[in-house]
Amino acid sequence: GAAPALWFTFTFTSPRSKMAQGVRWGICGSGKICNDFAAALHSLDYPITAVAASSLPKAEAFRGKLPRINRAYGSYAELAQDPEVDVVYIGTVHSCHKVHALMMIEAGKHVLCEKPITLNMKHTKVLIAAARAKKVFFLEGMWTRFFPAVRKVKELLDARTVGDPMLFQADFGFRVAERRDVPRLFDPALGGGAALDIGIYPIAAASLAFGGVEPTTVKAVATIGPTGVDEQAVLALQYPTGSACLNFTLLAQTPEESIYLCTEGSLKLGSPAHAPTKLTVSKTAGRGEAAQEEFTFPLPVNKGPPLNFPNSEGFQYEAQAVAEAISGGLLECPEYPLEESIVIQAILDKFRAEVGVVYPADTE
């Protein structure tokens, strides 16, 4: 049987570097995710210079929730030209990422762009090349990487505490009852489908297991809905050192766990694995026997407006990493380098080719 579990709880104490506090933020977009990210900045006492939306009333309404934001703009171009903005968080719909990120990069702003970085490899390479040419910081917002539970997984994998990862399995899914409730998830023009919205999380988690390299084989099956996007899929990835089996769906609620199965045990990130607070480390003692340790990483406190998504308090981890990186003169975050964004974009492109999902943006 299982040995008694040991419990560890960690508190998130962020070293407040004075330089990081001086990095001035702009918010590009005024939807639900922008609300949650701005709440994280507010909670960290980071300065937010401005918010930009598709219309001035939208931007003003957003600013109303966070009065510390100095300015509201009814166009994204105005945000790009604001000299008091150092870094821009882009939280607009997937299909707008390329245009908005490029606008900010060309204006010399550092950029944190929400995932997925763009809809396809061609557009992703355009953004990365532009950021490198302008010598600005650029990060795709894979916020999961910055959670203490995930940092712990990386530490344990690097130390080979439970041996070498062989097989990774993960799931992510929730049921969208009516397609019209969240139209962007089902519209090919907006980069709809399960893969780009939520499948990217298990894919990035698999990438963490196998060193951020490109898989040698990508195989997939999918349920294609009436609008032509993947509403659910099973993705199998073969890496040089192991395999991954990933399920994601917009048609059912899933347990949402990530499990790293290794030669001498396993690491399990508890639900919700894309924003986890719990980690179970199992060391194999014999067949069917394991010694378990449980780690808990409580979320930081939200001091901003109410949050829209599970565990959005965890945006504070990513925001802090970005502010620290920029103030330290870095152009990328080592936790999720741009080369890994390219690897994951390649997987998403291969997945779509395999299951036959085409976006209008693919021919642009």
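Look a little higher up for the structure.
Residues numbered from 1 in each chain as written. Predicted model: local features only at pLDDT ≥ 70, side-chain atom pairs only at ≥ 80, totals over all residues. Heavy atoms only, no water.

Time to look at the overall build of the chain. When helices and strands are tallied, the chain shows 10 helices and 15 strands. Whereas a compact globule of 364 residues would reach a radius of gyration of roughly 21 Å, the chain reaches 20 Å, a difference of no more than 12%. Dimensions along the principal axes, computed over C-alpha positions, put the chain at roughly 60 × 45 × 40 Å. Here the chain holds 364 residues, and the buried ones make up 54% of them. The long-range share in the chain, meaning contacts at least 24 apart out of those at least 6 apart in sequence, stands at 68%. The averaged location of the 38 negative side-chain charges in the chain is 3 Å from the averaged location of its 34 positive side-chain charges. (Helix = DSSP H or I, 4+ residues; strand = E, 2+ residues; numbered from the N terminus. Rg over C-alpha atoms; globule rule 2.2 N^0.38 Å. Buried < 20%, exposed > 50% of the residue type's maximum accessible area, 1.4 Å probe, protein only. Contact = heavy atoms within 4.5 Å. Lys, Arg positive; Asp, Glu negative; His and termini not counted. Charge placed at Lys NZ, Arg CZ, Asp CG, Glu CD.)

Quick look at the packing of helix α6 (residues 121-134) against helix α10 (residues 338-355) now. Pairs of packed helices are described in terms of their axes, by the angle between the two and the distance that separates them. Put simply, α6 and α10 touch, their axes get as near as 9 Å, and they point 170 degrees apart. Taken together, the axis directions place α6 and α10 in an arrangement best described as roughly antiparallel. Here α6 contributes Met121, Thr124, Lys125, Ile128 and Arg132 to the contact with α10, which in turn contributes Leu338, Glu339, Ile342, Gln345, Ala346 and Asp349. In terms of residue class, the contact of α6 with α10 is made up of five nonpolar, two polar and four charged. (Axes fitted to C-alpha atoms, helices over the stretch in contact; angles between N-to-C directions. Parallel < 35°, antiparallel > 145°, perpendicular 65-115°, else oblique. Nonpolar A, V, L, I, M, F, W, Y, C, P; charged D, E, K, R; others polar.)

The space that makes up the largest pocket amounts to roughly 1000 Å³. If you go around the largest pocket, you meet 41 residues; those closest to its centre are Lys32, Ile33, Arg184, Asp197 and Phe309. Of all the secondary-structure elements, those providing two or more residues to the lining of the largest pocket are α2 (32-43), β8 (165-173) and α8 (194-209). It is α8 that contributes the most residues to the lining of the largest pocket, three residues altogether. For the lining of the largest pocket, the class distribution of residues is 18 nonpolar, 14 polar and nine charged. Of the pockets and cavities examined, the second largest pocket occupies roughly 340 Å³. (1 Å grid on protein atoms, 1.4 Å probe; cavity = no way out; pocket = protein on both sides within 12 Å on 5 of 7 lines; lining within 4 Å. Points joined across faces, edges and corners; volume = space filled by probe spheres on them.)

As a further point, take the nonpolar core. In this structure, Trp25, Ile27, Phe168, Leu235 and Tyr260 are the most contacted members of the largest nonpolar core, which totals 94 residues. Sort the elements by how many residues they give to this core and α8 lands first, with 12 residues. Apart from the residues within four sequence positions on either side, Tyr260 is in contact with Val153, Leu157, Leu167, Phe168, Ala205, Leu208, Ala209, Gly265, Ser266, Leu267 and Leu269. Among the nonpolar cores identified, the runner-up in size contains 27 residues, and Tyr76, Ile128, Ala130 and Ile342 belong to it. (Core = buried A, V, L, I, M, F, W, Y, C linked by side-chain atoms within 4.5 Å.)

For the rest of this paragraph, the subject is the sheet that holds strand β4 (residues 71-73). Taken together, six strands build an open sheet; the order of strands is β4-β3-β2-β5-β6-β7 and the sheet is parallel. The open sheet terminates on both sides in strands that have one partner only, identified here as β4 and β7 (138-141). Across the sheet, the mean angle from the axis of one strand to that of its neighbour is 20 degrees, orientation sign disregarded. Pairing analysis gives four bridges linking strand β2 (residues 25-28) to strand β3 (residues 48-52), with the strands arranged parallel. Opposite Gly26, over in β3, you have Ala50 as the bridge partner. Across the sheet, helix α3 (residues 56-65) is in contact with β2, β3 and β4; its angle to β4 comes to roughly 155 degrees. (Pairing = 2+ DSSP bridges.)

Okay, the environment of Ala39 next. Along the chain, Ala39 turns up in helix α2. Distance in space between the C-alpha atoms of Ala39 and Asp181 is 25 Å, their sequence separation being 142 residues. For Ala39, the contacting residues outside a window of four places in its chain are Leu66, Asn302, Gly304, Pro305 and Leu307.

What follows is about the pairing of strand β13 (residues 265-269). Across the five residues of β13, four count as buried, placing the element largely inside the fold. In this antiparallel pair of consecutive strands, strand β12 (residues 258-262) and β13, the connection spans two residues. Inspection of the sheet shows β13 paired to strand β14 (residues 278-286) by five bridges, in the antiparallel sense. Across the sheet, the residue bridging to Lys268 is Thr280, located in β14.

Aromatic ring pairs are reported here in terms of the distance separating the ring centres and the angle at which the planes meet. Applying the stated rule across the entire model yields 11 aromatic pairs. Taking the centre distance of 4.0 Å and the plane angle of 5 degrees together, the rings of Phe37 and Tyr89 count as stacked. Taken as a pair, Phe37 in helix α2 and Tyr89 in strand β5 (residues 87-90) lie far apart in primary sequence, 52 residues in all. In terms of burial, Phe37 and Tyr89 fall into one category: buried. Relative to Phe174, the ring of Phe172 has its centre 6.3 Å away and its plane inclined at 70 degrees; by these criteria the two rings are edge-to-face. Taken together, the ring pairs in this structure connect Trp25, Phe37, Tyr89, Trp143, Phe147, Phe315 and Tyr317 into an aromatic cluster. Directly above the aromatic system of Phe186 lies the positively charged group of Arg179, at a separation of 5.8 Å from the ring centroid. (Phe/Tyr/Trp six-rings, centres within 6.5 Å; stacked < 30°, edge-to-face > 60°. Lys NZ or Arg CZ within 6 Å of the ring centre and 35° of its normal.)

Right, let's talk about α2 for a bit. Taking 1.5 Å per residue, 12 residues should reach 16 Å; α2 reaches 17 Å between its end C-alpha atoms and fits that length. Burial analysis of α2 places 10 of its 12 residues in the buried class, which makes it a mostly covered element. Every buried residue of α2 is listed here: Cys34, Asn35, Asp36, Phe37, Ala38, Ala39, Ala40, Leu41, His42 and Ser43. Those residues of α2 that are buried lie in contact with β2, β3, α3, β5, β6 (110-114) and α9 (315-327). Positive phi appears at Asp45, one or two residues downstream of α2, with a value of about 60 degrees. (Expected span 1.5 Å × (residues − 1).)

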